[in-house]
Amino acid sequence: MTEDDPLLGEAPYAFTRHLGMELADWSDGYARMKLPLEAFLLNRHGAVHGGVHASMLDTAMGYAGCWTGDANQPQMCLTLSLNVQYLSRPTGTLLIAEARKTGGGNSTFFAEADIQDDTGELIAKGTGVFRYRKRTA
């Protein structure tokens, strides 16, 4: 995502930029993140570190619940709980997380997400509960 992308409206923040995560699509109740696999994301036995999967799921779900449609009125959230199921190892070169807001109210929301690689292999799934942060004027 470019910093001036009018569709997505937000520049990547430092942590996602550090990992190489890119917000590829974002709309009401939905977000898709992409992450090219690099050597620094691997654990000591050559697999993608589980924390990378968890971070990607958490980030995608947070975005899915925080769409406002107005880059000048961003909504932020805090993760209250995160559950991750590790299912497989990627065989491709790109991780793709898709997240959906599944419910909630005025102060909290629920979301689910999955990660596939660019070959279609299902890598991980997650669910989360998030609290909206109060917007500052």
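For the structure itself, consult the block above.
Summary of the structure given here.

## Here we look at the overall build of the chain
Step number 1: When helices and strands are tallied, the chain shows two helices and six strands.
Step number 2: Counting from the amino terminus, helix and strand elements in the chain follow one another as α-β-β-α-β-β-β-β.
Step number 3: The C-alpha atoms of the chain give a radius of gyration of 15 Å, which matches the 14 Å a tight globule of 137 residues would have.
Step number 4: C-alpha atoms of the chain, sized along the principal axes, occupy 45 × 30 × 25 Å.
Step number 5: Within the chain, the proportion of its 137 residues that are buried is 35%.
Step number 6: Sequence-distant contacts in the chain: of pairs separated by 6 or more residues, those separated by 24 or more amount to 60%.
Step number 7: Accessible surface computed for the chain: about 7,600 Å², of which carbon and sulfur atoms make up 49%.
Step number 8: Side-chain charges in the chain split into 12 positive and 16 negative, and the spacing between the mean points of these groups amounts to 9 Å.

## A few points about the pattern of salt bridges
Step number 1: For the structure shown, the criterion picks out three salt bridges.
Step number 2: Each member of the salt-bridge network shares a partner with another, and the members are R100, E112 and D114.

## What about the environment of T79?
Step number 1: Within the secondary structure, T79 sits in strand 3 (residues 77-86).
Step number 2: Classification of T79 by relative accessible area gives partly exposed; the value is 36%.
Step number 3: Taking C-alpha positions, T79 is 4.5 Å from F130, a pair spaced 51 residues apart along the chain.
Step number 4: Leaving out residues up to four positions away in the same chain, T79 has contacts with D58, V129 and F130.
Step number 5: Side-chain polar atoms of T79 contact the side chain of D58, separated by 2.6 Å.

## Looking at helix 2 (residues 50-65)
Step number 1: For helix 2, with 16 residues, the first-to-last C-alpha span of 23 Å sits near the 22 Å given by 1.5 Å per residue.
Step number 2: Of all 16 residues making up helix 2, 13 are buried, and the element is well covered by its neighbours.

Thresholds applied
Residues numbered from 1 in each chain as written. Predicted model: local features only at pLDDT ≥ 70, side-chain atom pairs only at ≥ 80, totals over all residues. Heavy atoms only, no water. Helix = DSSP H or I, 4+ residues; strand = E, 2+ residues; numbered from the N terminus. Rg over C-alpha atoms; globule rule 2.2 N^0.38 Å. Buried < 20%, exposed > 50% of the residue type's maximum accessible area, 1.4 Å probe, protein only. Contact = heavy atoms within 4.5 Å. Areas by Shrake-Rupley, 256 points an atom, 1.4 Å probe, with all protein chains shown as cover. Lys, Arg positive; Asp, Glu negative; His and termini not counted. Charge placed at Lys NZ, Arg CZ, Asp CG, Glu CD. Salt bridge = Lys/Arg side-chain N within 4 Å of Asp/Glu carboxyl O. Polar contact = N/O pair within 3.5 Å; in protein donor to acceptor, adjacent residues only side chain to side chain. Expected span 1.5 Å × (residues − 1).

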